[in-house]
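Spelled out, the chains give:
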Amino acid sequence: AQTVTQSQPEMSVQEAETVTLSCTYDTSESNYYLFWYKQPPSRQMILVIRQEAYKQQNATENRFSVNFQKAAKSFSLKISDSQLGDTAMYFCAFILSQGGSEKLVFGKGTKLTVNP
Amino acid sequence: ETGVTQTPRHLVMGMTNKKSLKCEQHLGHNAMYWYKQSAKKPLELMFVYNFKEQTENNSVPSRFSPECPNSSHLFLHLHTLQPEDSALYLCASSQEASGGSDTQYFGPGTRLTVL
């Protein structure tokens, strides 16, 4: 079964500090894509960062970076210099491409609160 | 945030009602998706349409009936729902639904309550 596990239901961090959200996944596929999505309170889900599994280099988007450990099937998200606007639910997900169709598999999410 | 729109934003319906959710994307994409987001559970993919053809039905009960008249519009027709169907229903779109490389863009969702 293809699953995504986010072991931290809730986390909090002080403004300007760094926080890391963990994610592990399970798949037998070798080619897939990994994503972190952010869902602010009462707002739309938006993509934070993505990683191609065949790339060894960790993806970075401004203050957001990932630590991708393919052998360990781990895909953590690091947020540097946390801002109040980073308060949101964060979902880890990976996408499988099978037989001309694709399926995005999500974790349960981590609720991150950035405190002033 | 206006690339994918959903209406209505909130819907309350009885178990015997028939209603429809609407999704529209303005991004020129060819793939559209319905997801169900329930409390304490991961997002569940329901349906995938690629170039107006349904390519995925994730064992969804027949009381949910999708319709994709063109690549820009996606509907979810609801009838004889159960209280456990109450959830946030999210629509998403991407360039195509194959290859796995295309980012999905989400709408704001419809908060559905079934009484």
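Residues numbered from 1 in each chain as written. Chains lettered and ligands numbered in written order. Predicted model: local features only at pLDDT ≥ 70, side-chain atom pairs only at ≥ 80, totals over all residues. Heavy atoms only, no water.

Some thoughts on the packing of aromatic side chains
Logical step 1: Going through the model one piece at a time under the given rule, you end up with 14 aromatic pairs over all chains.
Logical step 2: Pairing Tyr37 of chain A with Phe106 of chain B gives two aromatic rings, centres 5.3 Å apart and planes at 85°, and the pair type is edge-to-face. Taken together, the residues Tyr37 of chain A in strand E5 (residues 33-39) and Phe106 of chain B in strand E10 (residues 105-106) connect one chain to another. For the pair shown, Tyr37 of chain A and Phe106 of chain B are each scored as buried.
Logical step 3: Ring pairs connect the aromatic residues Phe35, Tyr37, Phe91 and Phe106 of chain A together with Tyr33, Tyr35 and Phe106 of chain B, which therefore count as one cluster. (Phe/Tyr/Trp six-rings, centres within 6.5 Å; stacked < 30°, edge-to-face > 60°. Helix = DSSP H or I, 4+ residues; strand = E, 2+ residues; numbered from the N terminus. Buried < 20%, exposed > 50% of the residue type's maximum accessible area, 1.4 Å probe, protein only.)

Side note on the interface of chain A and chain B
Logical step 1: Taken together, the contact between chain A and chain B spans 21 residues of the former and 30 residues of the latter.
Logical step 2: Together chain A and chain B conceal approximately 2,100 Å² of surface at their shared face, both sides included; 47% is due to carbon and sulfur atoms.
Logical step 3: When the area that chain A buries against chain B is broken down by residue, the three leading residues are Gln44, Glu102 and Phe106 of chain A, summing to 31%.
Logical step 4: Run the count over chain A and chain B and you get zero salt bridges.
Logical step 5: Counting residues per element, the side of chain A that touches chain B draws most heavily on strand E11 (residues 101-106) of chain A, at five residues.
Logical step 6: By residue class, the composition of the side of chain A that touches chain B is nine nonpolar, seven polar and five charged. (Contact = heavy atoms within 4.5 Å. Buried area = accessible area lost by both parts, 1.4 Å probe. Salt bridge = Lys/Arg side-chain N within 4 Å of Asp/Glu carboxyl O. Nonpolar A, V, L, I, M, F, W, Y, C, P; charged D, E, K, R; others polar.)

Section: unusual backbone geometry
A negative phi angle characterises most non-glycine residues, just as the trans form characterises most peptide bonds.
Logical step 1: For the peptide bond that leads from Thr7 of chain B to Pro8 of chain B, omega is -10°, which places it in the cis range.
Logical step 2: For Pro8 of chain B, the location among the structural elements is in the loop between strand E1 (4-7) and strand E2 (10-13).

Digging into the pairing of E5 of chain A
All names here are of chain A.
Logical step 1: Burial analysis of E5 places seven of its seven residues in the buried class, which makes it a mostly covered element.
Logical step 2: Covered by surrounding structure in E5 are Tyr33, Phe35, Tyr37 and Gln39 together with Leu34, Trp36 and Lys38, the residues of both alternating faces.
Logical step 3: Bridge analysis of E5 against strand E6 (residues 46-52) gives six bridges, and the strand direction is antiparallel. Each bridged residue has a counterpart across the sheet, and for Tyr37 the counterpart in E6 is Leu47.
Logical step 4: Hairpin geometry of E5 and E6 is characterised by an intervening segment of six residues between the two adjacent antiparallel strands and by a positive phi of about 60° at Ser42. (Pairing = 2+ DSSP bridges.)

Some points on the state of the cysteines
Logical step 1: Considering all chains together, one arrives at two disulfides over all chains under this definition.
Logical step 2: The side chain of Cys23 of chain A participates in a disulfide bridge whose partner is Cys92 of chain A; the two sulfur atoms lie 2.0 Å from each other. Here the disulfide of Cys23 of chain A and Cys92 of chain A is left-handed, its torsion about the S-S bond being about -70°. Of this pair, Cys23 of chain A sits in the loop between strand E3 (19-21) and strand E4 (24-26) while Cys92 of chain A is found in strand E10 (residues 88-98), placing the two residues 69 residues apart along the sequence.
Logical step 3: Note on cysteine connectivity: Cys23 of chain B is disulfide-linked to Cys91 of chain B, with sulfurs 1.9 Å apart. Handedness of the Cys23 of chain B-Cys91 of chain B disulfide follows from its S-S torsion of about -75°: it is left-handed. Taken together, the residues Cys23 of chain B in strand E3 (residues 18-25) and Cys91 of chain B in strand E9 (residues 87-94) connect sequence positions 68 residues apart. Like Cys91 of chain B, Cys23 of chain B is buried. (Disulfide = S-S within 2.5 Å.)

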